[in-house]
Amino acid sequence: MRGTMMDFPLTLPTILERSGRIFPRVELVSRKPDKSIVRSCYGTFYRRARRLAAAMTKLGLQSGDRVASMMWNHIGHLEAFFGVPCAGGILHTLNLRLHPQEIAGIAKHAGDRFLLIDDVLLPVYEKFREDVSFERVIVVPYGFNSVPEGFLSYEELLTGVSAEFQYPAIDENDGASMCFTSGTTGCSKGVIYSHRALVLHSFCCGLVEVFGMSQSDTVLPVAPMFHANAWGIPFAATMLGARLVLPGPHVDPESILELMVSERVTIACGVPTVWIAILDALEKNPGRWKFDPPIRVVCGGTAPPVELIRRLDRFGLQIKHLWGMTETTPIGTSGGLRAYMSDWPDHKKYEVRAKQGWPAPFVEIRLMRPEGPGTVEGKKSCEVPWDGVTTGEIEIRGPWVAASYYESPDQAHRWTADGWFRTGDVATMDEDGYVKIVDRAKDLVKSGGEWISSVDLENALMGHPAVKEACVVGIPHPRWQERPLAAVVLKDGTQASPEELRAFLAESFARWQLPDAFVFLDAIPRTSVGKFKKIALREQFANWNWDS
Ligand code: AMP
């Protein structure tokens, strides 16, 4: 006993209990597959999540066992986010948009014992059931009212246990949930989040400079709950008593806009491609949806272009920019303006808001370069200075940064000998700690020994009035190693030639940085979590004829 503070564990049962006692009347809203709305509250959620914990314990769940979920964003899934870890298990959210074989491989790697699945997703399960061996498959009646033979019924399990439940002993460093990376840089890797990390991350979500989430908010997570630890939202909202609006499978722009208005959403979260589509819908239907007061749009996953931020502002959708990763629970940095910038001209403010922002409390970042220019003088390490110009790879550490991948010893090189995680993202930092992502290391266009930022080119292209979406990739080139190719989706009814787009970019870029090729597409391929799928474009245009 050192005579200081109590050693109080940071675990999820405390958050669950608090939600039932302090916020029983706060509403939870979710949309069903038939688009009807279901209303519940934290009081009911609390009782059902405890029953789920009791039911899983009765089924034989042991501490540390993985329980997979294959579910849309709805209240049942929220129950699983607490019911499983509060029984000592680990909830592993499966990405239902992956190829069935990939889902099976991930479930096997994770060693998932049980599967919780929405009835409407059973057809997906049928495609890989031969390749997995879950002990029990529990079906959640989300779209239909009956459970097919051979499966356990979620509702029957819940009614089959007593409401009294004694939480098992849980250490704050025990695993609570699990997520696999989306695999854009190779095969998927598993991250297990500890109770402690989830609790501390939830406090972080409450900070004004991050989500600013509180009991006075209504939060709409558009990003699927299987992406990057559901952005931490289930845990933060439950701890802070925020009203949740869960969109189910309906994430098209009109459905989302309609929910935002009818449910008076104050915070909405999604990747930039979601907001690009929503902006398009808003611009095509002036006056149809109105947001007053403005909605905080929490946006990350890729960099939102300046023009997207500016145009959404006009509709009362204010982008709050975050950067993070599956490995960082996910919040690493959050963007925004500093007090001393209040009288800056608009264009400078937008430039700042497009930056990824500064590290969250207790998250530490350094930029490293293996060799070459820009290293801090006198230091043996190759940390680059925070001058807003010199680029380096982001290395990160903190209480909610993964210390390893689940059973992947071949990935140990992603952590440095002194305990930092190598992110693979290349960035600059300025003297105020603002991070600006230049690119993922593998997405930088390596042209004749120089690096070209695909992010900067995309950002600028999106500023052209005819451009709806833009994605830039490096394509092999016989002389320069790689040259940039820009894939562009034009707005309906507009036109732009490659020459015009090149001239537009030439106003802000050096000649050697300009894309040498432009292709016009109907749509840019997306990853399973809605980001632009650069790898698909690189493959499609790998044999580009640069002489033509
Ligand atoms: P994931 O784990 O699938 O969410 O992917 C994480 C990666 O997404 C990061 O390493 C970045 O490359 C990218 N990313 C996330 N947020 C941002 C952002 N705000 N700006 C640019 N890239 C981002």
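Residues numbered from 1 in each chain as written. Predicted model: local features only at pLDDT ≥ 70, side-chain atom pairs only at ≥ 80, totals over all residues. Heavy atoms only, no water.

## Describing the domain arrangement of the chain
By the assigned domains, the chain splits into domain 1 (12-322), domain 2 (364-397 + 408-442) and domain 3 (445-540). Placing the centre of domain 2 and that of domain 3 at their C-alpha centroids yields a distance of 26 Å. Opposite the 9 residues of domain 2 that make contact, domain 3 presents 9 residues. Taken together, the two surfaces of domain 2 and domain 3 that pack against each other cover about 590 Å², and 37% of this comes from carbon and sulfur. A per-residue breakdown of the area domain 2 buries against domain 3 is headed by Val438, Asp439 and Lys442, which together make up 58% of the total. Seen at the junction of domain 2 and domain 3, the total is 1 salt bridge. Where domain 2 touches domain 3, the interface holds 4 residue pairs in polar contact (both at pLDDT 80 or more). (Domains from an automatic or database assignment. Contact = heavy atoms within 4.5 Å. Buried area = accessible area lost by both parts, 1.4 Å probe. Salt bridge = Lys/Arg side-chain N within 4 Å of Asp/Glu carboxyl O. Polar contact = N/O pair within 3.5 Å; in protein donor to acceptor, adjacent residues only side chain to side chain.)

## Quick word on the site of the ligand
The environment of the ligand is made up of 15 residues, and the closest members are Ser182, His321, Leu322, Thr326 and Arg440. Between an oxygen atom of the ligand and a side-chain N or O atom of His227, the distance comes to 3.0 Å. A distance of 2.9 Å separates a nitrogen atom of the ligand from a polar side-chain atom of Gln356. Bound to the protein, the ligand loses 92% of the 490 Å² it would expose on its own. Among the elements that make up the shell around the ligand, the one with the highest residue count is strand β14 (residues 317-324) (4 residues). When grouped by side-chain class, the residues that make up the shell around the ligand number 4 nonpolar, 8 polar and 3 charged. (Near = heavy atom within 4 Å. Areas by Shrake-Rupley, 256 points an atom, 1.4 Å probe, with all protein chains shown as cover. Helix = DSSP H or I, 4+ residues; strand = E, 2+ residues; numbered from the N terminus. Nonpolar A, V, L, I, M, F, W, Y, C, P; charged D, E, K, R; others polar.)

## Points about the nonpolar core
Ranked by size, the top nonpolar core spans 135 residues in total, and within it Phe82, Phe211, Met213, Met260 and Trp275 carry the most contacts. Considering every element that reaches this core, the biggest residue donor is helix α2 (residues 42-58), with 9 residues. With sequence-adjacent residues up to four places away left out, Met213 is seen in contact with Cys205, Gly206, Val219, Ile233, Ala236, Ala237, Leu240, Ala242, Ile267 and Arg296. (Core = buried A, V, L, I, M, F, W, Y, C linked by side-chain atoms within 4.5 Å. Buried < 20%, exposed > 50% of the residue type's maximum accessible area, 1.4 Å probe, protein only.)

## Focus: the pairing of strand β13 (residues 295-299)
The element β13 is largely enclosed, with a buried count of 4 among its 5 residues. At this point the chain moves from strand β12 (residues 267-270), through helix α10 (residues 272-284), to the parallel β13, and the crossover so formed is right-handed. Bridging between β13 and β14 involves 5 bridges; their strand directions are parallel. From the neighbouring strand, Ile295 faces β14, where its bridge partner is Leu317. (Right-handed = clockwise from strand over helix to strand, strands pointing away. Pairing = 2+ DSSP bridges.)

## Some remarks on helix α11 (residues 306-314)
What sets the pattern is the α-helix's 3.6 residues per turn: residues three or four places apart point alike. Three or more residues of α11 are buried, namely Val306, Glu307, Leu308, Ile309, Arg311 and Leu312. Buried positions along α11 lie against α10, β14, α12 (346-353) and α13 (454-461). Just downstream of α11 lies Gly316, where phi reads positive at about 85°.

## Details of the sheet that holds strand β19 (residues 421-429)
Taking strand neighbours across the sheet as the criterion, the 4 strands line up as β17-β18-β19-β20 in an open arrangement whose pairing is antiparallel. Looking at the sheet topology across the chains shown, the edges are occupied by β17 (364-368) and β20 (435-440). Strand after strand, the sheet turns through a mean of 50° between neighbouring axes, direction not considered. Where β19 and β20 come together, 5 bridges link them in antiparallel fashion. In the strand pairing of β20, Thr428 is matched with Lys436. (Axes fitted to C-alpha atoms, helices over the stretch in contact; angles between N-to-C directions.)

## Details of the environment of Ile90
Mapped onto the elements, Ile90 comes out in strand β4 (residues 90-93). Overall, Ile90 belongs to the buried group, its relative accessible area being 5%. When the C-alpha atoms of Ile90 and Asp456 are compared, they prove to be 39 Å apart, with 366 residues separating the residues in sequence. Among residues more than four places away in sequence, those in contact with Ile90 are Gly64, Asp65, Arg66, Val67, Val84, Gly175, Ala176, Ser177, Met178 and Ile192.

## Digging into empty space enclosed by the protein
Within this structure, the stated rule accounts for 2 cavities of 30 Å³ or more. Taken as a whole, the largest cavity encloses approximately 110 Å³ of empty space. For the lining of the largest cavity, the secondary structure elements donating two or more residues are β4 and β8 (175-180). Here the residues of the lining of the largest cavity are counted per class, giving 8 nonpolar, 8 polar and no charged. There is about 60 Å³ of room inside the second largest cavity. If you trace the second largest cavity, you find it lined by Ile276, Leu279, Asp280, Glu283, Leu308, Arg311, Met462, Val467, Lys468 and Lys491. Counting only elements with at least two residues in the lining of the second largest cavity, the list comes to α10, α11 and β23 (467-477). (1 Å grid on protein atoms, 1.4 Å probe; cavity = no way out; pocket = protein on both sides within 12 Å on 5 of 7 lines; lining within 4 Å. Points joined across faces, edges and corners; volume = space filled by probe spheres on them.)

## Some remarks on the sheet that holds β8
Strand order in the open sheet formed by 7 strands is β7-β6-β5-β3-β4-β8-β9, with mixed pairing between adjacent strands. One side of each edge strand has no neighbouring strand; the edge strands of this open sheet are β7 (152-153) and β9 (190-194). The pairing of strand β3 (residues 66-70) with β4 spans 4 bridges and is parallel. From the neighbouring strand, Ser69 faces β4, where its bridge partner is Thr93. Sitting on the sheet, helix α4 (residues 100-110) is in contact with β3, β4 and β8, with an inclination near 150° to β8. The strands touched by helix α7 (residues 195-206) within the sheet are β8 and β9, with β9 carrying the most contacts at an inclination of about 75°.

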